[in-house]
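# Summary of the model geometry
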Amino acid sequence: MSGETIARWQFGITTVYHFLFVPLTIGLSLTVASMQTAWVRTRNPDWLRLTRFWGKLMLINFAMGVVTGIVQEFQFGMNWSDYSRFVGDVFGAPLAMEALVAFFLESTFLGLWIFGWDRLPRRVHLATIWLAAGGTVISAYFILAANSWMQHPVGYRINPKTGRAELTSIWKVLTNSTQLVTFPHVVAGSLVTAGAVLMALSAWHLRRDHQVELHRKVAKLGVGVTIVASLATMGFGHLQAQVMTKQQPMKMASAEALWTTENNAPFSLFAYGDVNEGRNKVDLRIPDLLSFLATNSPSGEVRGVQDIAAAEQAKYGPGDYTPVMGITYWTFRLMMGLGGLALVLAVAFGLWLRRTGRPAPDGSTADPGATAQADPEEPAASQPAGRWSRLLLLAVVWGAALPYLANSAGWIFTEMGRQPWLVFGVLRTADGVSPGVSTATVLVTLIGFTLLYGALAVVALRLFLRHGRADIPELPGHGRPSGGDGAAGPDGSDDDLDRLPALAY
């Protein structure tokens, strides 16, 4: 393989691995802040216990995201020096702003949140987690602005003397039309990821009838977040497809294996074809749907691969401007299909929680899936779940993988669909690699990074699962069973609620 191919593999592996942590960090920071807000507003100590429990999981994930993200920036200089030299003035601006503004918010206020439980007033401490969460969102905005510029370059000019891209308007870079639809799509997808993890870990405990009331609270929160965020992801994804059709028509055409320009273009469900001949041998389609997705009109025109390739050859010169069709076609479907499945699972879990939360005639909490052989003398909360209930809970546990796979498929589609361009219409991928780095060097670092990241994955997963499967600790000095209204402190006074964070240490 060429040095370019290995460098692409290295950046792809490290990027996909890093992005396993990014959406959960964004989503968990917002949901943990919401849990702490619920505690401050209701004074229910259950929410304090949940805040601290899920806050530790958030910190584990955040630390791994920081460690794995550093390597990516080094690769711009190591493997892609010609790219960095050509677009550094433009691409580096939002990345510098991310480090100066967003990372400052994240690191500073996350530190205050960690060490300020027994030192800061309750509402001031709550503000620190919201500022840290805001930092993660702002960080995503700046980084996505840099990526969106690669998809749709604006606010720059090419210096004829140096041959380099120079920034002319940071405002245009930050308000890029691609950015304005990509950012909310990514944030919504991050909330889907966090919601799925909240549901999965809660379902794991519910299958074991373990701290049921606490985990039911989180399960309901996870269901709500997943459903709302999934619908938002779909909506912004629809807008993103329309922008992509205008700016990168080849990406949309390759996502649908649409070879020739069509009105009333159908949406392909399953296709198998011959790339060299430019035709599909098998194609199961939904009439008019692609035109509607791309243009908001069932009769709208969608350009085909062959027509776009001919136009780009005339504009940019001889070359192959078609991405790897199999990758773009199937990653697009995996992204949508797995995301839709996560929504269906959340709805099913929500209905199950609603049914099992209804009081039975004897005042207990009934499980409609409970087996007929369950001991009537045993309290309802400890009754083993019925067969179908246990299967659903198991599906929810494993369903945590769905948004991760959907996110990864979406980014692979986004980056592979832009090929052969590093910066669309401006710089080809082959022209961005480092000329002085040998193929052997890149191969050695590829193997090294892959092994190192594999080891880190094992460590991170073990830490996350070990803490996630543990009991949610009681607050010292607080003997009230979980699930109450939390109106009074350990000795019955409201003032003791302010001391609960300190008591937890």
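Keep in mind that what you see is a predicted model, and the values were worked out from it rather than measured. (Residues numbered from 1 in each chain as written. Predicted model: local features only at pLDDT ≥ 70, side-chain atom pairs only at ≥ 80, totals over all residues. Heavy atoms only, no water.)

## Observations regarding the overall build of the protein chain
Applicable threshold: Put simply, DSSP H or I for four residues or longer makes a helix, DSSP E for two residues or longer makes a strand, and each gets a number counted from the N terminus. Partly exposed describes any residue whose relative accessible area lies between the buried limit of under 20% and the exposed limit of over 50%, with all areas from a 1.4 Å probe on protein chains only and scaled to the type maximum. We call two residues in contact when some of their heavy atoms are within 4.5 Å. Accessibility throughout is a Shrake-Rupley quantity obtained with a 1.4 Å probe, and a residue counts as covered only by protein chains that appear here.
Helix and strand content of the protein chain: 16 helices and eight strands. Counting across all 505 residues of the protein chain, residues that qualify as buried make up 49%. Partitioning the contacts of the protein chain with sequence separation of at least 6, the portion at a separation of at least 24 is 76%. With an accessible surface of roughly 23,100 Å², the protein chain has 65% of that area assigned to carbon and sulfur atoms.

## Regarding the pairing of strand β4 (residues 267–274)
Short version of the rule: A strand pair is defined by DSSP finding two or more bridges across the two strands.
Of the pairings in the sheet, the one linking β4 to strand β5 (residues 279–286) comprises seven bridges and is antiparallel in character. Residue pairing in the sheet places Ser-268 in a bridge with Arg-285 of β5. Linking β4 back to β5 in an antiparallel pair, the connection comprises four residues, with Gly-278 at a positive phi of about 65°.

## Comments concerning the packing of aromatic side chains
Under the convention used in this document: In this analysis, rings of Phe, Tyr and Trp, with Trp reduced to its six-membered ring, are considered paired at centre separations within 6.5 Å, and the interplanar angle assigns stacked below 30 degrees, edge-to-face beyond 60, and tilted for intermediate values.
Counted according to the given criterion, the structure contains 21 aromatic pairs. Ring geometry for Tyr-316 versus Trp-421: centroids 4.8 Å apart, planes at 65°, classification edge-to-face. Residue Tyr-316 is located in helix α11 (residues 305–316), and its partner Trp-421 is located in strand β7 (residues 421–423); the two are separated by 105 residues in the primary sequence. Assessed through its relative accessible area of 24%, Tyr-316 is described here as partly exposed. Since its relative accessible area comes to 3%, Trp-421 is described here as buried.

## Overview of helix α13 (residues 387–398)
To keep things clear, this is the line we draw: Here a helix's expected span is defined as the number of its residues, less one, multiplied by 1.5 Å. The directions from the helix axis to the C-beta atoms are what the arc is built from.
Given a rise of 1.5 Å per residue, twelve residues ought to cover 16 Å, and the 17 Å separating the end C-alpha atoms of α13 matches this to within 8%. Regarding α13, the residues found buried are Ser-389, Leu-392, Leu-393 and Val-396. Axial view of α13: buried residues confined to an arc of 100°, hence all on one face. The exposed residues of α13 that point more than 90 degrees off its buried face are Arg-387 and Trp-398. Buried residues belonging to α13 abut α7 (177–207) and α12 (325–356).

## A look at the pattern of salt bridges
Quick note on the threshold: The term salt bridge refers to a pairing of a side-chain nitrogen on Lys or Arg with a carboxyl oxygen on Asp or Glu at a separation within 4 Å.
Per the stated rule, a full pass over the model turns up seven salt bridges. Between Asp-82 and Arg-85 there is a salt bridge whose closest N-O contact spans 2.6 Å. Residue Asp-82 and its partner Arg-85 are both found in helix α4 (residues 81–115); the two are separated by three residues, about one turn of the helix. On the basis of relative accessibility, which here comes to 48%, the residue Arg-85 falls in the partly exposed class.

## Some words on unusual backbone geometry
Between Gln-419 and Pro-420 the backbone carries a cis peptide bond, its omega angle lying at 15°. Looking at the secondary structure, you find Pro-420 in the loop between α14 (401–416) and β7. We note that Arg-43 has phi near 60°; this positive angle belongs to a residue other than glycine. If you trace the backbone, Arg-43 turns up in the loop between α2 (22–42) and α3 (45–78).

## Topic: the packing of helix α8 (residues 212–247) against α12
In a pair of packed helices, the angle between the axes and the distance between the axes together describe the arrangement. This is how the line gets drawn: To get an axis, a line is fitted to the C-alpha atoms, and for a helix only the part in contact is used. The angle between two axes follows their N-to-C directions and goes from 0 to 180 degrees. Two helices crossing with the near one rotated counterclockwise from the far one by less than a right angle form a left-handed crossing, whereas a clockwise rotation gives a right-handed crossing. Residues were grouped as follows: Ala, Val, Leu, Ile, Met, Phe, Trp, Tyr, Cys and Pro as nonpolar; Asp, Glu, Lys and Arg as charged; and all remaining residues, including Gly, as polar.
Two elements in contact, α8 and α12, have axes whose closest approach is 9 Å; the angle formed by their N-to-C orientations is 145°. Between α8 and α12 lies a crossing of left-handed hand. Between α8 and α12, the contacting residues are Arg-216, Ala-219, Lys-220, Val-223, Thr-226, Ile-227, Ser-230, Leu-231 and Met-234 on the first element and Gly-340, Ala-342, Leu-343, Ala-346, Val-347, Phe-349, Gly-350, Leu-353 and Thr-356 on the second. Residues of the contact of α8 with α12, tallied by class, amount to eleven nonpolar, five polar and two charged.

## Some words on the confidence of the model for the protein chain
Close inspection of predicted coordinates is inappropriate in any region flagged by low pLDDT. Test applied: The predictor attaches a confidence to each residue, called pLDDT, with possible values from 0 through 100.
For the protein chain, the average pLDDT comes to 84, and 88% of its residues sit at 70 or higher. Per-element mean pLDDT across the protein chain ranges from 44 in helix α16 (residues 496–503) up to 95 in α7. Low pLDDT, under 50, characterises residues 359–384; the predicted model gives this stretch 34 contacts beyond four residues in sequence or across chains. Note that pLDDT drops below 50 for residues 478–505; the model gives that stretch 59 contacts with residues more than four away or on any other chain.

## Section: the environment of Thr-328
Quick note on the threshold: Side-chain atoms alone can form a polar contact between residues adjacent in sequence; in general such a contact is a pair of N or O atoms within 3.5 Å, and within protein one must be able to donate a hydrogen while the other accepts it.
Examined against the element boundaries, Thr-328 turns out to sit in helix α12. Along the primary structure Thr-328 and Lys-251 are separated by 77 residues, whereas in three dimensions their C-alpha atoms are 7.7 Å apart. Not counting residues within four places of it along the chain, the set of residues in contact with Thr-328 comprises Ser-254, Ala-255, Pro-323, Phe-413, Met-416 and Gly-417. Separated by 3.3 Å, the side chain of Thr-328 and the backbone oxygen of Ser-254 make a polar contact. There is a polar contact of 3.1 Å between the side chain of Thr-328 and the backbone oxygen of Met-325.

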